[in-house]
Structures are given as structure tokens and as C-alpha cells.
There are 2 protein chains.
Amino acid sequence: MTTRVFSPMQDYALTVDRFLDHGAKWHGQARVITAAEDGDQAVGYADLRVRANRLSGALLSLGLTPGDRIATLAWNSQHHVEVWYAAMGAGLVCHTLNPRLTIAHLAAMITEAGDRVLAVGAGLAGMAEKLAASCPCIEQLILLDGDRPAAVRGDAPITVLETLLSDRGRATTWGQFDERSLAGLCFTSGTTGAPKGVAYTHRSNYLHTIRSLQADAMALTAADTILVAVPMFHANAWGLPFAAPAVGASLVLPGRVTDGRSLADLINRHGVTVAVGVPTVWLGLLDHLDATGGETPSLERIIIGGSSCPDTLLRRMESRLGATVQTSWGMTELSPLGTISPRSSETGAARGAGRPPMGLDLLLTDAAGTPLPDQRNAPGHLKVRGQSVAQGYFGASESALDADGWFDTGDLAIIDDAGNLTLAGRSKDLIKSGGEWINPVEIEEIVGALPSISLVAVIGRADPKWGERPLMVIEPAQGQEIEDKALKASLKGRVADWWIPERIVRVVAMPLAATGKINKTQLRATYGGA
Amino acid sequence: MTTRVFSPMQDYALTVDRFLDHGAKWHGQARVITAAEDGDQAVGYADLRVRANRLSGALLSLGLTPGDRIATLAWNSQHHVEVWYAAMGAGLVCHTLNPRLTIAHLAAMITEAGDRVLAVGAGLAGMAEKLAASCPCIEQLILLDGDRPAAVRGDAPITVLETLLSDRGRATTWGQFDERSLAGLCFTSGTTGAPKGVAYTHRSNYLHTIRSLQADAMALTAADTILVAVPMFHANAWGLPFAAPAVGASLVLPGRVTDGRSLADLINRHGVTVAVGVPTVWLGLLDHLDATGGETPSLERIIIGGSSCPDTLLRRMESRLGATVQTSWGMTELSPLGTISPRSSETGAARGAGRPPMGLDLLLTDAAGTPLPDQRNAPGHLKVRGQSVAQGYFGASESALDADGWFDTGDLAIIDDAGNLTLAGRSKDLIKSGGEWINPVEIEEIVGALPSISLVAVIGRADPKWGERPLMVIEPAQGQEIEDKALKASLKGRVADWWIPERIVRVVAMPLAATGKINKTQLRATYGGA
């Protein structure tokens, strides 16, 4: 199209190994710290790069070739970071597994991915043994932490990371492949349907990282020490193992333990400035500090995401911790950052889940996919497009996008005049009654705020006259009771009369998915029939 | 190399039109303000995008096709920004011209670029007339500001921007081409040799922008209002017309006028938070504030570059303005940002020209090109590699890189333990005397600090015995005199005895290049012979 005899700008493939290269050369003393009961473990980026790079050589010496998948089953730790860079730098694909899933779920993911190696972190060798027994594709187990425990007796050969490094480690050339090569694989563990693999490319991860570093986004600097309370198996730990060496920030990895006391100790021991994780984790921190009168003076910012956070908790975090809270919204399919409340916003400003930093765009449509005429102040179906957004799932041969290239998030959302996004439920959870839509989230928010309610879910129940009618499932707070009449009265005048569920079911324990979210699929299977 | 049946991540070409698209959709009310004597002119990004996009259609209707070059001869203004986006969004190449160069220089550049259109800003119609007369390739003149002045009488048809927009403007699809297509062209106006064209691609500009937005780099946010005192014809105005809409920051464009009083007024009138430009400009601002007792309370940061800045001026800026100063180093060939002192550094910390943000790497070598064993605390020849670094010049068929892919900056530099770069002169200015090197910068710094000296330059003079000997040219401060003996005494004990120039020449006015730097080429032509 353009006259271009010779490329005037340098070739520079966008591959993630460059982040650790940069950290090692320009911030070699910035550290990755892993919490451990017998004393925290720390390594500088310069040394970590040497180890990860030698580990690449060791992995290749096992017969792995670029494009092969290597699975990790581990909490956040230095050795887990080393496996990431060792795999990705050599063109292998790092498939992160969630230890909170069942063996059957994990085995299905491993088999679909065709993982040839399984790297296992502390405390998870027992699971790994079962997985190796169930998955013939696994040829090799690598124990990341400590010696080979007697408990592991699967058929696959077992080696220990340090032994592998000393026996087979060798310096290896990183990168030098197409930037659209696969770097990572992460299966969504949604509340419905079979898990789907999201495959990240080097390019998508690189662009996601640089995007997240903008001053109104994660805004990390060489002066920061970042507590990563979001697991590395959740969508790249929100990209932090890439972002931190890219700017020379230190990382604090809590391992498995994320209770309030442990996190407070870690924050104070290492002068953490930025803490990242789901709201529940910080609620635990607040409760611990309140109970003990403790403080975390180094903490400047908390970045939350993964689920919406009540305004009262936001304000409590900001006032108790003296830290700025940035809300965010993301998805595994978005690498994961979608929106984030700008760092430069006034504290206490309305923010919802924030705005999209450059590199991703949002679109609201009606149920038929037609863009809403005014994209502001009216709820719609949320679609996204961007440099690090999935086009299709791992192994699929077809695009998951609509004709205009938008990815349907399955979420309902609203955008205000300032561009702030607020999520408003899942579109598949909408209930169609008499040809009109009922949004269960609006009912759940009202009922969920009652002190006698622990958890509430509203689902559609097949109805011969109306098509569907809402049915409410509640888990009362411990020792509490509430009558149907009071529940319905709480809704009266706040939602349309015909939205109010006729039937209410009480359960002792709400069924939860592995992510901690209410499993509506199971509720629909049990209570959704006519 | 990797198994890749289907790209799992969305295609998302890195093209610069996306920056204005993002600004228009998410920060439509953030503004581009142009200073004018009869009242500043302001436009929001939403409206600016509509105008620039319609202008694309008008340009294409003139018969231009993607890849064609369009030249701009203009100071910083809204209309200049509109032409940038109109050209680049439609796949045309925007060639910025420096109005401070001679007609002969500019005509040579226009001819080499084959510019088909010349867009001319306020006050420059007279130059444009001469250029059109000298350059047959120019088919069309566009007057950006005001009506058609009687002064323009060249052969090329002339139109006025607003007329073009109203007669031929139409909505146009932006982007949709290869991200490695050319976006811009800028000739270096160095102090030696023929000007060389640096051609920017959409990809290199996009990556440069996102790189500059890192929180330890330019760190711009939606809360910022940026005074762009660096001209748009100097290497993309350091990328600010891309970076500002990408984050929703407002731009303040001063037009031609950058004296201290005008800048102080602009800063206060529009609440400027970040000011960007060469040190000289801010010296003018300081002098004005000192003379008038004025203040600029909104100003938080100043980002300087283009030439090194004495520590005394740095400290004066920080204390008088109450603003953080970030130093930087760049080159036209680097798009232009090379290094910048981190925003998170302590105020007053040693910084030199700062560190390279992720996306660019530095290498120090000896004169033969061999990397220095320790890259720290020893001077070397500076080479760079990165995502937005030139590979070769416009029209060239060969790479300008060494065998390992490094671009030689022609600079001498030193890097300290913290990674801070300090420039130490141009390698071509080194003087080889008796087989050993003399660095003229070290001599110039000592003599230049004497109160009786306005400007000083040391060049090599051919010498039958030693090969070269240093010769010193001085421009004394107004009304001052200094004897050779005193000059030589100032060097005694601070440089090696054999570095001290035997011959000293006094000039009334030092010859300067268009950039304001001392023209050593001319000095060598005049005084360098045996």
C-alpha cells in the first residue's frame, strides 16, 4: 500500500522475555521476595534472569520444542516466576493451573492443552501425583520447592528444580521468534459451561503490560514494592510478573497464605507501597488491623478487581489504610485488564470499575447486538475490542467475535458521562418474563443488603404462562431468620411489582464455583425446572 | 515455529489514529488550546477528531494516495495537529519542516521527500511561496490559518483549510493499513553533513507513545494540561500530540511565541500542570518571573531535553517554580525519547539525562565497537536498540546499524551505578593528538563556566607533528575580556597538560546551527586547517 523499499525503523519483536532482560540490566538489585515460614526468600532481577535463562536450557534439554506446553501448579513464588520466564523466553507455552479446582477439572485442562511437563509448587505434590496418573501427556514432573517428597509416586519421571538447574541448566538465547507466538494459556473457570482456554501471545502480553503501566492505570515505578495477592494462575496475576521488572519495581509474593495477619506482616517487613488483589483479601487485612490496632504506613495504593466492591468497603479501606484505592474490571479473555479507576482521580470520586486505558475500547449494544445510540447512562450488553483481547479460544478454529470484531463479555454494564464503567450483572442471568427482561442483580443487591441475609441469588424458573419467572434462593446469615413476606416487602417500590419473585428457597450453604462466585448453573439445574 | 492454526488474540494494528479516536470517545471534552493574540482558540478532542477525519477525506479528494507525502511548515497549533491526524489517519506521510532553516535547505528536503502538498501555518506564507517556486513536486498549498493572503503567488494552487474542509471534507475510514506503514518524516538538521530523513512508522510512533506514558517517564494523566514548548517539527514534538489524547490530557500550544512573559501567561490562564521544552525556554520563564515577582502555582512538572542543563539551572527551576524537573535525552532517530530521569526519583538526586524506560536499550563500546566489559562508570561510544529506533534513513537502501543491530548515536556517554546516562560530547568532535584522544567537552565545560565567557568551542586543528592539536574559539561575554594566559591557567591541573590548547581565537559571534547549537563544522572549515 505504501512505498516501502526498506524498513526505516528497527525490528523489535514484542516478546515478554524483554521485561526480565530490562529488569536485570537496569534494575538488577530490585527484588522478588517470596514469603516463607522459615524466612522470606529474596532474589534480584539480575540473578533471577540468570536462573530463569539457564532453566530455559534445562527445559529444552528435556526434549521440549518451541510451542510445547508446560503446566504450572503453584502459588505465587520466585520459582514460579522463574518457570514462567524460562518457558516463555524459550518459546514454550506456560499453562497455569488453579490448585483450587478439582483433579477432574484440571486433568481435562491438561489433556486439552497437551501439557508435556508439570511444574509443581510447595504443598501441591499430592495433587500433581494424581494429575500425572490421570494425564498420559505429562512426561515429566518438576518439583519447584524443596526435595523430592516420598508422597509423589506417579509414572512420570520426577526432578527437583535445583537439581535440574545444576545438572542441565545452560545459558540460552531468548526471544528471536515471531511476536505472535503463544506465551501462555489459562482456562477460564466460569460458573457455566466447560472451561475454555485463553491463549496469550507474546505480543498481547507485551502490549498489555505497557498499557497497564500508564500513569492513570497501574502506574508502577522503580520506587514501588508490589504485594501480589492475586494468584499467578488468574490471568497472568494481572500481568504483574511482567510489569514489575519492566519498571524495576520489587515484587512481594505471599505464597499460599493471604490471611490479614500474614499480609500485614509482609507489607511492613518489606515496605510494600502497592497491594493488588480481590476485595475479600483486603477485608481480611482491615479486620486484622482493627483487631490488633496495627498500621501499614508504607502502603500508598491498593488496586482491586475480580469482583465489584461495595462503596462502604472502599471508603473503609481508604480511611483505615490511608491508601488510594483503584477499582478495576477485567477478564481472563482481556489479559486481563479492561478498565481501572484513574490514579489521578480525586479520592472518593464515583468510579465504578474505572475507564479503559488506551489500547482497549468498549461498546454497549442491545440484546440483538445493535450499538446503543448514546453510549452513556443506559445499560447495555458490554463488548470489547483491543490489543490484548481474545479473538477465539484455544484449539478453536473459529472466531468468537461478532462481524465488527467485538468480543461479547457476557456482561451487562452502564457507562457514565465521565466514561466510568459499572457492571450490572451477566447477560445470561437475565430473566425473560412475559417478553420483558428482569435483571436479577438489581433484586440481589436489595435483598443482599438485609442484615439477615448472607447470600442471595435470583434465577429464572420455567413458567408455562410467562416463559420464565424469577425464583430467589437465600442463605440466611448464621442464626438469622426472615419470612418471605419481609423479603418481598423489601423489594416493594424499589423494583417493578412483576419483578418480585413469587417463590423463595432457603439453603444452608449456597453452591459456589471455584472462583468463589455463586454457581447459578447448579441453582438452575436444581430449581430452574417448571 | 509454534503450532498456530488460528490467532487466539485480536488483530489490532498499532496505528496512531487510534490515539485521537480514544481521546475523542473517552475524553471528548479535554481540549487543544492554541495561543493567539486575539484570544486563545480551543477545541475538544471529539470535535477535533471530526475536523481531522473530514480533512482526511478532503486530502484524498485532491488525488493523494496512501504513502504520498504532505509537508507542514507551521508552529504549534490546533490546525497543525489536525493536518497530522488527517494525513496519518488516511495513510499519508506527514513531513514536518523547520521554519528556522533556509529556503535552500527546506527545498532540498521537500524535493528529496517528494512532497505533493505543503500545509502552511500563520506567518509563514512568504516562505511557502518561495518553496513552492523552488519545488516542482509541490502541487498544492494549504493555508492553515486565516484567509488567502495576497503575498502568496506561487504556481501551485492555493486553498485555505476552512474552505477545503467545507468544500471537500467528508468522513473517512482511518487506519486499516499495515502498522509498519510510514506515518511521519523528519529531517535531522545536524551540525555536520547533509540532512538525513528519519521516517517514522505507525508502529514505531504508537510504541513510542505508550512507552513515554509510563509512570516513571512522562507519566501524563487525564488530570494534566500540557504546555508544548517543543516545536511540532522537532521529532514529533516529543510525541505529545499522540500522548495527550491517548490519556485525555489537554494540550496548550503556544504558536510561535515562547518568551517568558507569554509562557507565564499561558500557564496561568489554562492551569498548565506539565511544561515540556528545551532548557533555554524555561530560563526565559524564570527570568520573567524573577523580574515581575510572578508565580505559576499550577505547574507541577517540567520535562526538559534537547540539550544538557546545568545543575544550577535545574535547582533554580525547582526552587523558583516549586516544580519537579525531569531531564531527558533523545534524538530524532529515537522518535525521540531515549532516557528520562524517573518521576519517582528524589528531587535533587543526581540524574544526568535519566534512565531508559522499557522499550529501548543502551550499549557503551570502545572506538572499535567492542562493548565495554563493565557498562558502568566508564565513558564509551553510545549505541541504542529499541522499538522506535531508526534502522536506516529515508530513501536509503542499507541499514545504518552495526552487525548486532545497534544504532550508533555518535555520542560519548557514561552510565552510573543507578543506570543514569550522562552525555559527554560527540564522538566526531573528539580530537586525536599524538595517537591519544582529547575530549573537547571537558575543556569547554571548564572554560564555559568562567564569568567572562559567553560561548566556547574546542576543535581539532591539523598539525604536522601530532596529527591534530586542540584549538579554542571563544565568544567573550558582553563587555568582558580575558587573556590567553588566564584561560590556560583555568585548565591547568584540571585536564592533562597536553590537552591545553596552544591557540585561542576570539569571535564576536559564535556560528550557530539552526538548532541553536554551536556549528563546529563551520569552525573546522574556518580554523581547522594546518
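Each chain has its residues counted from 1, following the order in which its sequence is written. Naming scheme: in the order in which they are written, chains are lettered from A and ligands are numbered from 1. Only residues with pLDDT of at least 70 are given local features in this predicted model, and only at 80 or more are side-chain atom pairs given and counted; all residues enter the totals for whole chains, interfaces and linings. In computing side-chain values, all of the structure's heavy atoms are included and hydrogens and water are not.

K.L.:
Please explain the overall build of chain A as it appears in this structure.
P.N.:
By the criteria applied, helices consist of DSSP H or I runs no shorter than four residues and strands consist of E runs no shorter than two, each listed in order from the N terminus. A count of helical and extended segments in chain A gives 14 helices and 25 strands. For 530 residues, the compact-globule formula gives about 24 Å, and the C-alpha radius of gyration of chain A, at 24 Å, lands near that figure. On the principal axes, the C-alpha backbone points of chain A span a range of 70 × 65 × 50 Å. Entry remark: accessible area of chain A is about 20300 Å², with carbon and sulfur atoms responsible for 50%. In this setup the radius of gyration rests on C-alpha atoms only. A globule is expected at 2.2 Å times the number of residues raised to 0.38. Surface accessibility in these figures is a Shrake-Rupley result with a 1.4 Å probe; residues are shielded only by whichever protein chains are displayed.

K.L.:
Mind showing me how you'd approach the packing of helix H2 (residues 45-61) of chain B against helix H3 (residues 78-89) of chain B here?
P.N.:
Describing two packed helices takes the angle between their axes plus the distance from one axis to the other. Residue and element names in this part refer to chain B. A fitted line through C-alpha atoms serves as each axis, taken over the contacting stretch for helices, and the angle formed by two N-to-C directions is quoted from 0 to 180°. Taken N-terminus to C-terminus, the directions of H2 and H3 make an angle of 55°; their axes are 8 Å apart at the nearest point. By the angle between their directions, the pair H2 and H3 is classed as oblique. With respect to the hand of their crossing, H2 and H3 are arranged in right-handed fashion. Judged by residue contacts, Leu-48, Arg-51, Ala-52, Leu-55, Ser-56 and Leu-59 of H2 engage Gln-78, His-79, Val-81, Glu-82, Val-83, Tyr-85, Ala-86 and Ala-87 from H3. Considered class by class, the residues forming the contact of H2 with H3 number 9 nonpolar, 3 polar and 2 charged. Working definition: roughly parallel below 35 degrees, roughly antiparallel above 145 degrees, roughly perpendicular at 65 to 115 degrees, and oblique for all remaining angles. It is the rotation of the near helix from the far one that decides the hand of a crossing: anticlockwise by less than a right angle makes it left-handed, clockwise makes it right-handed. The contact criterion used is simple: two residues touch if any of their non-hydrogen atoms lie within 4.5 Å. Ten residues, namely Ala, Val, Leu, Ile, Met, Phe, Trp, Tyr, Cys and Pro, are considered nonpolar, four, namely Asp, Glu, Lys and Arg, are considered charged, and the remaining ones, Gly among them, are considered polar.

K.L.:
Would you explain the relation of the copies chain B and chain A in this entry?
P.N.:
What relates the pair of chain copies is a rotation about an axis plus a shift along that axis. The atoms used to superpose the copies are C-alpha atoms, taken from residues with pLDDT of at least 70 in both, and the fit is least squares. The two copies are related by a screw operation: chain B maps onto chain A through 180° of rotation and 0.0 Å of translation along the axis, at an RMSD of 0.2 Å. Overall, the copies show the geometry of a two-fold rotation axis. Same-surface contact between copies: 99% of interface residues of chain B are shared with the interface of chain A.

K.L.:
Help me understand the interface of chain B and chain A, please; the structure alone is not making it clear to me.
P.N.:
Interfaces are often sized by the amount of accessible area the parts lose when they come together. Opposite the 79 residues of chain B that make contact, chain A presents 78 residues. The quantity reported as buried area is the accessible area (1.4 Å probe) lost by two parts once they are put together, taken as the sum for both. Both faces considered, chain B and chain A share a buried interface measuring about 6100 Å² in area, 59% of it formed by carbon and sulfur atoms. Of all residues in chain B, Gln-10, Trp-26 and Met-358 of chain B give up the largest surface area on contact with chain A, accounting jointly for 15% of the area buried on that side. Salt bridges are defined as contacts in which a side-chain nitrogen from Lys or Arg sits within 4 Å of a carboxyl oxygen from Asp or Glu. The tally of links from chain B across to chain A stands at 4 salt bridges. The closest approach of N and O atoms between Arg-203 of chain A and Glu-179 of chain B, which form a salt bridge, is 2.9 Å. Within 3.5 Å is the distance limit for a polar contact, defined as a pair of N or O atoms, with the added protein rule that one can donate a hydrogen and the other accept it, and that residues adjacent in sequence qualify only through two side-chain atoms. One can count 35 residue pairs in polar contact (both at pLDDT 80 or more) joining chain B with chain A.

K.L.:
Looking at this model, I keep getting lost on the environment of Leu-143 of chain A. Mind explaining?
P.N.:
One can find Leu-143 of chain A in strand E6 (residues 140-143). Look at Leu-143 of chain A and you get buried, because its relative accessible area is 4%. Partly exposed describes any residue whose relative accessible area lies between the buried limit of under 20% and the exposed limit of over 50%, with all areas from a 1.4 Å probe on protein chains only and scaled to the type maximum.

K.L.:
What should I look at first to understand the confidence of the model for chain A in this one?
P.N.:
For any part of a model where pLDDT is low, the fine detail of the predicted coordinates should not be relied upon. Residues and elements named next belong to chain A. Here chain A averages 92 in pLDDT, while 95% of its residues score no lower than 70. Contacts for the low-pLDDT stretch residues 1-5, under 50 throughout, to residues beyond four places or in other chains number 11 contacts. Among the scores for the predicted complex, ipTM is 0.91 and pTM is 0.91. Per-residue confidence from the predictor is given as pLDDT, running between 0 and 100.

K.L.:
Would you mind showing me how to read the sheet that holds strand E13 (residues 301-304) of chain A here?
P.N.:
What holds strands together in a sheet is hydrogen bonding between their backbones, with the strands either parallel or antiparallel. Residue and element names in this part refer to chain A. By this definition, two strands are paired if DSSP reports at least two bridges between them. Taken in spatial order, the 7 strands of this open sheet run E2-E1-E11-E10-E12-E13-E14, and their pairing is mixed. One side of each edge strand has no neighbouring strand; the edge strands of this open sheet are strand E2 (41-44) and strand E14 (324-326). Strand-to-strand, the axes of this sheet are offset by a mean angle of 20°, without reference to chain direction. Pairing analysis gives 3 bridges linking strand E1 (residues 31-34) to strand E11 (residues 250-253), with the strands arranged parallel. Residue pairing across strands places Ile-33 opposite Val-252, the latter belonging to E11. Where helix H2 (residues 45-61) meets the sheet, its contacts fall on E1, E2 and E11, and the angle it forms with E2 comes to roughly 90°. Contacting E1, E2 and E11, helix H3 (residues 78-89) runs over the sheet at an angle of about 35° to E2.

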